[in-house]
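Overview (structure and organization)
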Amino acid sequence: MYRIALPNKGRLADDSRALFADAGLDVRVRGDRALSASLGELFEAIFVRAEDIPEFVADGAADLGVTGWDLVAESERPVEPLLDLEFGRCRLAVAVSDGCGIQQVADIPAGSRVATTFPKLTARFFADANVRVDIVPVSGAAEIAPHLGIADVIVDLVSTGSTLRVNGLREVATVCESSARLIGRGGSPGAPSHDDDRSRVVRGLVAALQSVIRAKGQRYLMANVPREALGRVKQVLPGLNGPTVVDILNGGDQVAVHAVVRASDIYRTIGDLQALGASGMLVTRIERLVP
Ligand code: AMP
């Protein structure tokens, strides 16, 4: 059994479970507050705080983990990112009060107080920028610190930016970008090594998760098109290996084409196909995509 540490609550918890379920690893929890669950024959999940996951993976309490890259970087633990899971996207940003004249990090006066839940990343960032500041570690809600007079500057996670705006704060720099990652212990657990079984299992899991992530941005499109328009249809529908062309029983001069199309291109593609005389179009989601 390989143990995977998953976030027990917060933004990353639901998306992690949904991703594993889509990859065929349904999280079978025994009750709402269970601390562990079966994930099929090879894996079991343990549910812990997202900020503790780098430590659990680094010291071997879990073989693999899912957590935010921001938390991995702040932990300074020797873990290895195996896959960007593409949810929980945010950036760790430097923000100041809207009304102040600071436009960039170099404008921040020496000796300013910086409130943050990421003291190590913040200290490293200001040291690299050659700006001497006093770090004020807080355990949450850094955005309130300027109002309380605890700090002049904050370093906090930003997703849409609405929390900053509501609190009269303005972003002036990005410390790092983050999203959820699958992590393993340092030393390339995904690469061939003396522990071959383990490597094979890790690579299989990465491939399964990757197939789900890849499929999310794609749609399967089917359409009937006039045979004589096939040349132009192929230009509209490049697909993975070019579209599949299928004869239709009693279809006359019509053939069916199937192709994988980027979700963001579907709107335009349907319009282009209609202009070429296509009909009977069908667009479906793809569960997994293995090229
Ligand atoms: P927003 O208003 O969308 O910019 O979100 C900012 C608030 O959500 C801050 O309090 C952040 O600490 C928190 N936040 C945003 N994105 C994430 C994330 N990916 N992981 C954890 N907390 C986040």
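Rules used in this analysis
- Residues numbered from 1 in each chain as written.
- Predicted model: local features only at pLDDT ≥ 70, side-chain atom pairs only at ≥ 80, totals over all residues.
- Heavy atoms only, no water.
- Pairing = 2+ DSSP bridges.
- Helix = DSSP H or I, 4+ residues; strand = E, 2+ residues; numbered from the N terminus.
- Contact = heavy atoms within 4.5 Å.
- Axes fitted to C-alpha atoms, helices over the stretch in contact; angles between N-to-C directions.
- Buried < 20%, exposed > 50% of the residue type's maximum accessible area, 1.4 Å probe, protein only.
- Near = heavy atom within 4 Å.
- Polar contact = N/O pair within 3.5 Å; in protein donor to acceptor, adjacent residues only side chain to side chain.
- Areas by Shrake-Rupley, 256 points an atom, 1.4 Å probe, with all protein chains shown as cover.
- Nonpolar A, V, L, I, M, F, W, Y, C, P; charged D, E, K, R; others polar.

A short note on the sheet that holds strand 2 (residues 28–29)
Paired through backbone hydrogen bonds, the strands of a sheet run either parallel or antiparallel to each other. Here we have 7 strands laid out as an open sheet, ordered 2-3-4-1-5-12-6, and mixed in their pairing. Of all the strands in the sheet, just strand 2 and strand 6 (79–84) have a single pairing partner and so form its edges. Lying on the sheet, helix 1 (residues 11–22) is in contact with strand 1 (2–7), strand 2, strand 3 (36–39), strand 4 (43–48), strand 5 (64–68) and strand 12 (180–185); it crosses strand 1 at an angle near 140°. Against the sheet, helix 7 (residues 196–216) contacts strand 1, strand 4, strand 5, strand 6 and strand 12, and its axis sits at roughly 35° relative to strand 6.

Some remarks on the pairing of strand 7 (residues 90–97)
Burial of strand 7 is extensive: 6 of the 8 residues sit out of reach of the surface. Sheet analysis places strand 7 next to strand 11 (residues 169–178), joined by 8 bridges and oriented antiparallel. By the bridge assignment, Ala95 is partnered in strand 11 with Glu171. Here strand 7 pairs with strand 10 (residues 153–158) via 6 bridges, running antiparallel.

With respect to the pairing of strand 10
For strand 10, the buried fraction is high: 5 of the 6 residues fall into the buried class. Across 3 bridges, the pairing between strand 8 (residues 112–116) and strand 10 is parallel. In the strand pairing of strand 10, Thr116 is matched with Val155.

Observations regarding the site of the ligand
By nearness alone, every residue bordering the ligand is listed as Arg11, Gly88, Cys90, Asp156, Leu157, Val158, Ser159, Thr160, Gly161, Ser162 and Thr163. Note that an oxygen atom of the ligand is positioned 2.7 Å from one of the backbone N or O atoms of Gly161. A total of 490 Å² of accessible area belongs to the ligand in isolation, and the protein chains cover 77% of it. Where the shell around the ligand is concerned, the elements lending two or more residues are strand 10 and helix 6 (162–166). The residue inventory of the shell around the ligand, partitioned by class, reads 3 nonpolar, 6 polar and 2 charged.

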